[in-house]
Structure formats: structure tokens, C-alpha cells
Amino acid sequence: MTAAEEKTTKTPVGTRQLSFQDQELKRMMVSGEDVVLRAKLHNAIYWKSLAVIIMGLIFLFFVARPLGYLLLTVGAIMVALAMITKHYLLLAITNKRVLARYGLLQMDVVDIRFSKIESIDLERMLPGHLFGYASVVVMGTGQRFIRIPYIANAEAFRRYHNEITLVREGIHEDDLGDLPEPSVEGKGAKKKAARRGK
């Protein structure tokens, strides 16, 4: 049997090689843990570097050529950093916790259980509103928090956390609309009871 035939027999038809992100998630997860939701990074991660490159082209052809070359060099470096960030940035929700990896010079790998999460907030500047992305801020107990920028499906992260929290408290999100509003008589009775207590 030739080497090519051996390679064909070892690799089953229809299987695909795991991406870098999938390999990292598989390495971080424990037995019985499944990925429920994974962050999608928005291409707006490149908008700052593209703006610098456009400015560089304007300066190169219309204003000052040396400054144009400088801006183009800075823009190219910013594109490279954005590509590396997009490759290594990771945010996912499993059925047990939130997994995150962020940073370039100092890469932090964080996992927070649902019981240790106080809230998941979304930060949106004007470009985020225009292009449909947000920064996901996971607030843990105490003063610990993580901030992952340029997430395209940020709303889904917050919604899933809210559903998990409501289920843990015994209230399903679909049942919130069925809760009756307090009547006017009930409000008056509460006020009278409060006055009697005084």
C-alpha cells in the first residue's frame, strides 16, 4: 500500500478538520460539557485600520507623500493586529459556564460559572449601532469582569444568560407576560396595611 492510499484510508470521507477555535474550545471543555452559543466576530474589527489606510492614500496622492507612507504603514500594522485578534479572540457559552480568551501581549483565558455571573451587559457606540455589533461585558461576582469587543451576536448572549437566570429562579421568560398586574384595590389594601403597621 502506498503512502497516498494510507492517507486516504486514515481520513474518513465527509470529515472536516477542526478549526483553531474549535480545537481550543475542545481543549477547554470538560466531560459532559457542550457549546450552546459561540460568539461571531464582526468584520467591523477592521474599520479603524481601513480608516487609517484611506487617510494614508489621501495624504499620499493629495497632501504630503511621506505622511501618506507613514499612515499606510500604520494601517497595515493595524490590519495585522486585527487579524491576529480575530484569530485568537474567543467567547462561548456552554451548558455549564462562559468561556473567554482575549488579549494579545497578555492573553487571558477565563471561565465563569453561571452562578458567579451577576449580569451580561452590552456596550454600543455609534459604529456598533450602524453596523450591528457590540462589546459583551460579563460582570462576575465582586469586581471581576471581562469585555469582549466586536461581537455580532451579542444580543443572543445576553438573552441566553437571562433565560438561564430566570429558569434557575423558577420563572420562564415566556411566563413573565402572564403575570397579573396588581389591581388598584390591592394597592390600596397594601397602603392601609402599611399605615396600620405604623
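A brief report on the enclosed structure follows. Along each chain, residue indices are assigned from 1 in the same order as the chain's sequence is written. Where totals are concerned, whole chains, interfaces and linings use all residues; where local detail is concerned, this predicted model gives features only for residues with pLDDT of at least 70, and gives and counts side-chain atom pairs only at 80 or more. Excluding hydrogens and water, the side-chain values take into account all heavy atoms of the structure.

### Topic: the overall build of the protein chain
Note the following rule: Numbering of helices and strands starts at the N terminus; helices are DSSP runs of H or I of at least 4 residues and strands are runs of E of at least 2. Working definition: with a 1.4 Å probe on protein chains only, accessible area under 20% of the residue-type maximum means buried, over 50% means exposed, and in between means partly exposed. Any two residues whose heavy atoms approach within 4.5 Å are treated as being in contact.
Within the protein chain, the secondary structure is distributed over 7 helices and 7 strands. For the protein chain, the α and β elements follow one another from N to C terminus as α-α-β-α-α-β-β-β-β-α-β-β-α-α. Within the protein chain, the proportion of its 198 residues that are buried is 28%. Taking as baseline every contact in the protein chain between residues at least 6 positions apart, the subset at least 24 positions apart corresponds to 50%.

### What about unusual backbone geometry?
Located in the positive-phi region is Y150, a residue other than glycine, with phi close to 60°. In this fold, Y150 is placed in strand 7 (residues 145-151). By relative accessible area, Y150 is classed as buried at 13%.

### A closer look at the environment of N95
Filter applied, for reference: Here a polar contact is taken to be a pair of N or O atoms separated by no more than 3.5 Å, where protein atoms must pair a possible hydrogen donor with a possible acceptor and residues adjacent in sequence count only if both atoms sit in side chains.
Looking at the element boundaries, N95 is found in the loop between strand 2 (90-94) and strand 3 (97-102). Leaving out residues up to four positions away in the same chain, N95 has contacts with G32, E33, D34, V36 and F114. Within the local environment of N95, its side chain forms a polar contact with the backbone nitrogen of D34, the two atoms lying 3.0 Å apart.

### What about the packing of helix 3 (residues 47-62) against helix 4 (residues 65-88)?
The following threshold applies: The axes used here are C-alpha line fits, helices contributing only the stretch in contact, and every angle between their N-to-C directions lies in the interval 0 to 180 degrees. Angle categories: roughly parallel below 35 degrees, roughly antiparallel above 145, roughly perpendicular from 65 to 115, and oblique for all the rest. Crossings are classed by handedness, with left-handed meaning an anticlockwise turn of the near helix from the far one by less than a right angle and right-handed meaning a clockwise turn. Residue polarity is assigned by list, with Asp, Glu, Lys and Arg as charged and Ala, Val, Leu, Ile, Met, Phe, Trp, Tyr, Cys and Pro as nonpolar; anything else, Gly included, falls into the polar class.
With their axes 7 Å apart at the nearest point, helix 3 and helix 4 run at an angle of 165° to one another. Taken together, the axes of helix 3 and helix 4 lie roughly antiparallel to each other. Of the two possible hands of crossing, helix 3 and helix 4 adopt the one that is left-handed. Residues K48, S49, V52, I53, M55, G56, L57, F59 and L60 of helix 3 form the contact with helix 4, whose own contacting residues are R65, L67, G68, Y69, L71, L72, V74, G75, A76, M78 and V79. Split into classes, the residues belonging to the contact of helix 3 with helix 4 amount to 14 nonpolar, 4 polar and 2 charged.

### A word on the sheet that holds strand 6 (residues 134-140)
Quick reminder of the rule: The rule for pairing is simple: two strands pair if DSSP sees at least two bridges between them.
Judged by pairing direction, the sheet is antiparallel, and its 3 strands sit side by side in the order 5-6-7 without closing on themselves. One side of each edge strand has no neighbouring strand; the edge strands of this open sheet are strand 5 (117-123) and strand 7. For this sheet, the mean inter-axis angle between neighbouring strands, taken without regard to orientation, is 15°. Pairing geometry for strand 6 and strand 7, over 5 bridges, is antiparallel. Across the sheet, the residue bridging to V137 is R147, located in strand 7. Packed on one face of the sheet, helix 6 (residues 154-168) meets strand 5, strand 6 and strand 7 and runs near 155° to strand 5.

### Here we look at the pattern of salt bridges
Let me state the cut-off plainly: One speaks of a salt bridge when a side-chain nitrogen belonging to Lys or Arg is within 4 Å of a carboxyl oxygen belonging to Asp or Glu.
The tally for this structure, following the rule as stated, stands at 5 salt bridges. Here E123 and R147 are joined by a salt bridge, their closest N and O atoms 2.9 Å apart. With a gap of 24 residues between them, E123 in strand 5 and R147 in strand 7 connect regions that are remote in the sequence. Residue R147 is classed as partly exposed on the basis of its relative accessible area of 41%. One continuous salt-bridge network, built from bridges that share partners, spans R124, E155 and R158.

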